[in-house]
Amino acid sequence: MSIVNIRSVEFVNNPAKFTDPYIFRVTFECIAPLKDDLEWRLIYVSSPDHQELDQELDDCMVGPVPVGVNSFEFEGDPPNPKSIPPEDVLGVAAIILTASYRGQEFVRVGYYQNTEYDIPEWNESPPDGPIQFGRLVRSLAEKPRVTRFSIKWDTDGSAPAPAAAQPSNSFASQSSFASPPSQFGAQPSYQSSSFSPPPVNSSLQQPGAPVPPAGSF
């Protein structure tokens, strides 16, 4: 059983310019005390068949984590255009948010991203020359692909999942990544179809505690 469960991931800026940072508000529940912090990472996947091109946009340590429902904002840099093959810039890519405890990844949440020009005519007939990144906009699909892994927590004797069961790019084997319907019209099957529903209480954090920026929870 997982000690930490994600309740929701909200986009603070979606859609946005390609060069804007990614800003997420993550709400999760911790059902037992943890001795160490949680590590969160944001990864950009431009080409599912070439994991060496994945870019880690940012990471942060969140803790100490109290028992209950907690939330924080995660801000990650945009991907480095120089590290993306020109043929993979426009169209579909992916953003993956991962969470780990003591070096063990226990959940990853992936979103398909569509990138296009802010001028409709350019999408039909791209201008000659280098890609004009300043005119690109991105939009993330609302429905995520969630994958969970069994790990060893402080309170149980379960063994962590083998390293082979934790690919660095969970979209790599999805044939639908290469040619999804326009504007995310269809999504691949999920290992976990949705987040746990948020509590009825509208508070998304410990009572009286302000929502801290990423890295200073």
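- Under an unreviewed UniProt entry, the protein chain has the name Anti-silencing function protein 1 and belongs to Calocera cornea HHB12733.
- Turning to the protein chain, the UniProt record has this under Sequence similarities (unreviewed entry): "Belongs to the ASF1 family."
- The UniProt entry for the protein chain carries the following text under Subcellular location (unreviewed entry): "Nucleus".

Considerations on the overall build of the protein chain
Working step 1: Along the protein chain, the regular secondary structure elements total one helix and ten strands.
Working step 2: Order of helices (α) and strands (β) in the protein chain, N terminus to C terminus: β-β-β-β-β-β-β-β-α-β-β.
Working step 3: A burial count over the protein chain gives 43% of its 217 residues as buried.
Working step 4: Of the contacts formed within the protein chain by residues at least 6 apart in sequence, a portion of 71% connects residues at least 24 apart.
Working step 5: Looking at the protein chain as shown, the accessible area adds up to about 10700 Å², and 52% of this sits on carbon and sulfur atoms.

Topic: the pairing of strand E8 (residues 104-117)
Working step 1: Among the 14 residues in E8, 13 count as buried, and that is most of the element.
Working step 2: As paired elements, strand E7 (residues 91-101) and E8 share eleven bridges and run antiparallel to each other. Counterpart to Gly91 in the pairing with E8 is Thr115.
Working step 3: Between E7 and E8, which pair antiparallel and follow one another directly, the connecting turn spans two residues, one of which, Arg102, has a positive phi of 55 degrees.

A word on the side chain of Gln104
Working step 1: With respect to the helices and strands, Gln104 occurs in strand E8.
Working step 2: In this structure Gln104 comes out as buried when scored by relative accessible area, which is 13%.
Working step 3: Among the polar contacts made by the side chain of Gln104, one reaches the main-chain amide nitrogen of Lys152 at a distance of 3.1 Å.

Structural notes on the confidence of the model for the protein chain
Reading predicted coordinates in detail is not appropriate for stretches of low pLDDT.
Working step 1: Looking at the protein chain, pLDDT values average 78 and 71% of them are 70 or higher.
Working step 2: Long-range and interchain partners of residues 158-217, a stretch whose pLDDT sits below 50, account for 135 contacts in this model, where long-range means more than four residues apart.

Describing the sheet that holds strand E6 (residues 68-76)
Working step 1: Taken together, three strands build an open sheet; the order of strands is E1-E3-E6 and the sheet is antiparallel. Every other strand in the sheet has two partners, leaving strand E1 (4-11) and E6 as the edge strands with one partner each. Each neighbouring strand pair of the sheet contributes to a mean axis angle of 25 degrees, computed without reference to strand direction.
Working step 2: The pairing of E1 with strand E3 (residues 22-30) spans seven bridges and is antiparallel. Considered in E3, the bridge of Phe11 is made with Phe24.

Things to note about empty space enclosed by the protein
Working step 1: All told, the structure shown has two cavities of 30 Å³ or more when counted by the stated rule.
Working step 2: Of the pockets and cavities examined, the largest cavity occupies roughly 40 Å³.
Working step 3: Lining the largest cavity, in full, are Phe11, Asn13, Asn14, Tyr22, Ile23, Phe24, Arg138 and Leu140.
Working step 4: Going through the elements one at a time, E3 and strand E9 (136-140) are the ones with two or more residues in the lining of the largest cavity.
Working step 5: When the residues that make up the lining of the largest cavity are grouped by side-chain class, the tally is five nonpolar, two polar and one charged.
Working step 6: Approximately 40 Å³ is the volume found for the second largest cavity.
Working step 7: Ser2, Val4, Asn5, Ile6, Phe106, Val107 and Arg148 are the residues that line the second largest cavity.
Working step 8: When contributions to the lining of the second largest cavity are tallied by element, the ones reaching two or more residues are E1 and E8.

About the criteria used
Residues numbered from 1 in each chain as written. Predicted model: local features only at pLDDT ≥ 70, side-chain atom pairs only at ≥ 80, totals over all residues. Heavy atoms only, no water. UniProt positions renumbered as here; feature names shortened; annotations may be inferred. Helix = DSSP H or I, 4+ residues; strand = E, 2+ residues; numbered from the N terminus. Buried < 20%, exposed > 50% of the residue type's maximum accessible area, 1.4 Å probe, protein only. Contact = heavy atoms within 4.5 Å. Areas by Shrake-Rupley, 256 points an atom, 1.4 Å probe, with all protein chains shown as cover. Pairing = 2+ DSSP bridges. Polar contact = N/O pair within 3.5 Å; in protein donor to acceptor, adjacent residues only side chain to side chain. pLDDT = per-residue confidence, 0-100. Axes fitted to C-alpha atoms, helices over the stretch in contact; angles between N-to-C directions. 1 Å grid on protein atoms, 1.4 Å probe; cavity = no way out; pocket = protein on both sides within 12 Å on 5 of 7 lines; lining within 4 Å. Points joined across faces, edges and corners; volume = space filled by probe spheres on them. Nonpolar A, V, L, I, M, F, W, Y, C, P; charged D, E, K, R; others polar.

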